[in-house]
Amino acid sequence: LDTVNASVIVVGNQGRHLRAVLVSSMVTGRSLGSSKLARYARYRGLYARVARRLGVDRSYVSRVARGERRSKRVEQALQAELKRIGKL
């Protein structure tokens, strides 16, 4: 899975951990031009933006989002970024 060019298609809060699922357009056979997937394009780079803002590695942000690691600071930053994107 090409995580650099993948799109976040499911984002939610399960319990105390944020969850996000990446799906590449190569996997779905659809391009981001398709109307249903176009709205998810704004989530591209979510982990990278949060990591850059906090000064941590993108993989660490990803691990926190998947629940493999715990970080209140990263979780709060992810929630804030999701809220910001939701307002667009």
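### Details of the side chain of Glu81
So, point 1. Take Glu81: it is sitting in helix H5 (residues 72–86).
So, point 2. If we ignore the near neighbours within four places in the chain, the residues touching Glu81 are Leu46, Arg49, Val50 and Arg53.

### Describing the side chain of Ser71
So, point 1. Here Ser71 shows up in the loop between helix H4 (58–66) and H5.
So, point 2. Not counting residues within four places of it along the chain, the set of residues in contact with Ser71 comprises Tyr60 and Val64.

### Some points on the packing of helix H3 (residues 46–54) against H4
So, point 1. Look at H3 against H4: their axes get within 8 Å of each other, and the N-to-C directions meet at 115 degrees. In terms of their interaxial angle, H3 and H4 are classed as roughly perpendicular. In terms of crossing hand, the pair formed by H3 and H4 is right-handed. Across the interface between the two elements, Tyr47, Ala48, Val50 and Ala51 of H3 pack against Arg58, Val61, Ser62 and Ala65 of H4.
So, point 2. Residue composition of the contact of H3 with H4, by class: six nonpolar, one polar and one charged.

Cut-offs applied
Residues numbered from 1 in each chain as written. Predicted model: local features only at pLDDT ≥ 70, side-chain atom pairs only at ≥ 80, totals over all residues. Heavy atoms only, no water. Helix = DSSP H or I, 4+ residues; strand = E, 2+ residues; numbered from the N terminus. Contact = heavy atoms within 4.5 Å. Axes fitted to C-alpha atoms, helices over the stretch in contact; angles between N-to-C directions. Parallel < 35°, antiparallel > 145°, perpendicular 65-115°, else oblique. Left-handed = near helix turned anticlockwise from the far one by under 90°. Nonpolar A, V, L, I, M, F, W, Y, C, P; charged D, E, K, R; others polar.

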